[in-house]
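Analysis of the macromolecular model
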Amino acid sequence: MTPVAATAAPVNDVSTLTPSEQTSTELTAVERAQAEHWALTPQEWQRYRFLMQGIRGSISPTTLSPIEALGIHARDATERRHFAERWASLMLEDAERILAFQQAYDAAIDRLVGEQPLIDWTRLPVTEPRQPPLASTDRVLLFVRPACAPCEPVLARLLARLDTIAGLDIYLSGLAPGDEPAIRKWAVAQGVDPDWVRQRKVTLNFESGALASMVPGDVNLPYLLRRRGETLTPLAGSAL
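Residues numbered from 1 in each chain as written. Predicted model: local features only at pLDDT ≥ 70, side-chain atom pairs only at ≥ 80, totals over all residues. Heavy atoms only, no water.

Right, let's get into the overall build of the protein chain. In terms of regular secondary structure, the protein chain is built from nine helices and five strands. Mapped from its N terminus to its C terminus, the protein chain presents α and β elements in the order α-α-α-α-α-β-α-β-α-α-β-α-β-β. In the protein chain, of all internal contacts separated by at least 6 residues, the share reaching a separation of at least 24 is 69%. Per element, the accessible surface of the protein chain, about 15600 Å² overall, is 56% carbon and sulfur. (Helix = DSSP H or I, 4+ residues; strand = E, 2+ residues; numbered from the N terminus. Contact = heavy atoms within 4.5 Å. Areas by Shrake-Rupley, 256 points an atom, 1.4 Å probe, with all protein chains shown as cover.)

Spelled out as structure tokens, the structure:
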């Protein structure tokens, strides 16, 4: 592809600049080098410099090229087409450079690595499949107390899942040990079906220090444990 010629004839010379744009045609050494880099005439660079001092410089990213700025502010269709074609040519040349480098990179990888895979999958750690929080053979131990606002929605979610687990063991604190009428009254108020209790799908227990014997330290209620076989594991309410 033929590069854009630095000596291309300008679409508009200095005589077409407005009085406000005709501040100076003199460019600094740096500006002359930049204009040559973009294949722009001194007059085109002067107009670009003027545009970037206004709204275009205020709202545009710093990566906006001089050719784009001049094309956006083209004064007629001919000028707009001129800068559009110049920008398209530069982009095509850049695409060719990128593709050529990618091909050289691919060839270098083939030479350096050959048939050897980039990643040795046999050396990666094996991740065990994540176990679901609750299995059908699990029992859940739920520690609650009466008049506990956070406890009630957790209990409701567990009761809704009774068909998917082995059972639910409720440990109620805050009641006198042995006060069975009180624990039954509480269970009925929470929607615990008496048939679940008779079938041992749900058990009602006085807490009586059971939680402290299973979990050292202070914990907040509600507190859940999962019993899987002989193993007890803390269970987050979000896992229900």
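Don't stop here, the text continues.
Considering the arrangement of structural elements, one finds Arg-47 in helix 2 (residues 42-52). Given a relative accessible area of 7%, Arg-47 falls into the buried group. One polar contact links the side chain of Arg-47 to the main-chain carbonyl oxygen of His-73, over a distance of 3.2 Å. (Buried < 20%, exposed > 50% of the residue type's maximum accessible area, 1.4 Å probe, protein only. Polar contact = N/O pair within 3.5 Å; in protein donor to acceptor, adjacent residues only side chain to side chain.)

Quick look at the sheet that holds strand 5 (residues 231-234) now. Across the sheet, which stays open at both edges, the five strands sit in the order 3-2-1-4-5 with mixed pairing between neighbours. Pairing within the sheet leaves two strands with one partner each, and these edge strands are strand 3 (202-206) and strand 5. Averaged over all adjacent pairs, the angle separating strand axes in this sheet is 25°, with direction ignored. As paired strands, strand 2 (residues 167-172) and strand 3 are joined by five bridges and run parallel to one another. Its bridge partner lying in strand 3, Leu-172 is registered against Phe-206. The sheet contacts of helix 6 (residues 151-160) involve strand 1 (139-144), strand 2, strand 3 and strand 4 (223-228), and relative to strand 1 the element is tilted by about 160°. Across the sheet, helix 7 (residues 180-189) touches strand 1, strand 2 and strand 3, and the angle it forms with strand 3 is around 135°. (Pairing = 2+ DSSP bridges. Axes fitted to C-alpha atoms, helices over the stretch in contact; angles between N-to-C directions.)

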